[in-house]
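Chains, contacts and geometry: an overview
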Amino acid sequence: MAANSTAQTAAKYLSGHVRGDVFTDVLHRAAFSRDSSIYQIIPLCVVAPLDAADVIVAVKYAAEKSIHVAARGAGSGLAGESLSSGIVFDMTRYMNKIIGVSNNGELVICQPGVVLDDLNNYLSGYNRKIGPDPSSSNRATIGGIVANNSTGAHSLQYGHIADYLESVEAVLADGSLLEL
């Protein structure tokens, strides 16, 4: 009962303060309780943020209430890294856009929920692609790829995704926004 009460309290607050979606129903919580690992952790709630401002609001709330958070893309990780008993962010619902490109495709700005294959299809118009090629590229998102510093079968040739980053905008545990 206490967990359900906490879930409803969190959902009520977050629904009034984020512009994206907040879910506490059994279906969403069950769907986000598993990833490609062997683990299962049922989250308190699922938040699909519209933008970084929504993430900041939810993370600040979580920090104040000592609630764990985890950002999630496709959930293709094998170590349970996208699972949480607290708030799980669904970065694929709304934060899945390629914002822009410059220098003939050398620089791309995108949101964390963009799928790697979709980004590479976009970059093919510039005769470019992201070097690291994880086997899950048809579902893995840029946010998860960056978080795991992913590589792939051609790692000796192309290295890790960190080799291709110019900057990352991140929300820290206290809800502050930082550009790295």
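Above: the structure in question.
Let us look at the structure shown here. It should be emphasised that the depicted structure is a prediction, and the values quoted were computed from it without experimental measurement. (Residues numbered from 1 in each chain as written. Predicted model: local features only at pLDDT ≥ 70, side-chain atom pairs only at ≥ 80, totals over all residues. Heavy atoms only, no water.)

1. Focus on the pattern of salt bridges
- Taken as a whole and judged by the stated rule, the model has 4 salt bridges.
- When salt bridges that share partners are traced, they join D21, D90 and R93 into one network. (Salt bridge = Lys/Arg side-chain N within 4 Å of Asp/Glu carboxyl O.)

2. What to know about the nonpolar core
- Counting 19 residues, the largest nonpolar core has L14, V47, I87 and F89 as the members making the most contacts within it.
- Broken down by secondary-structure element, the contributors of at least two residues to this core are α1 (2-17), β2 (45-48), α3 (52-65) and β4 (87-90).
- At 5 residues, α3 tops the list of elements feeding residues into this core.
- Beyond its immediate chain neighbours, meaning those up to four positions away, I87 contacts L14, C45, V47, A58, Y61, A62, I67, H68, V69 and A70.
- Listed in part, the 9 residues of the second largest apolar core include L116, I130, A140 and I142. (Core = buried A, V, L, I, M, F, W, Y, C linked by side-chain atoms within 4.5 Å. Buried < 20%, exposed > 50% of the residue type's maximum accessible area, 1.4 Å probe, protein only. Helix = DSSP H or I, 4+ residues; strand = E, 2+ residues; numbered from the N terminus. Contact = heavy atoms within 4.5 Å.)

3. Quick word on helix α4 (residues 116-123)
- Turning to α4, its buried residues are L116, L119, N120 and L123. All buried residues of α4 fall inside an arc of 100° around its axis, so they share one side. (Arc of directions from axis to C-beta.)

4. With respect to the packing of aromatic side chains
- Counted according to the given criterion, the structure contains 2 aromatic pairs.
- With a centroid separation of 4.6 Å and an interplanar angle of 15°, the aromatic rings of Y13 and Y61 are classed as stacked. Residue Y13 is found in helix α1, and its partner Y61 is found in helix α3; the two are separated by 48 residues along the sequence.
- Each ring, one from Y122 and one from Y126, has its centre 6.2 Å from the other, and the planes form 50°; the classification is tilted.
- Here Y122 falls in the partly exposed class, since its relative accessible area comes to 34%.
- Given the relative accessible area of 27%, Y126 is considered partly exposed. (Phe/Tyr/Trp six-rings, centres within 6.5 Å; stacked < 30°, edge-to-face > 60°.)

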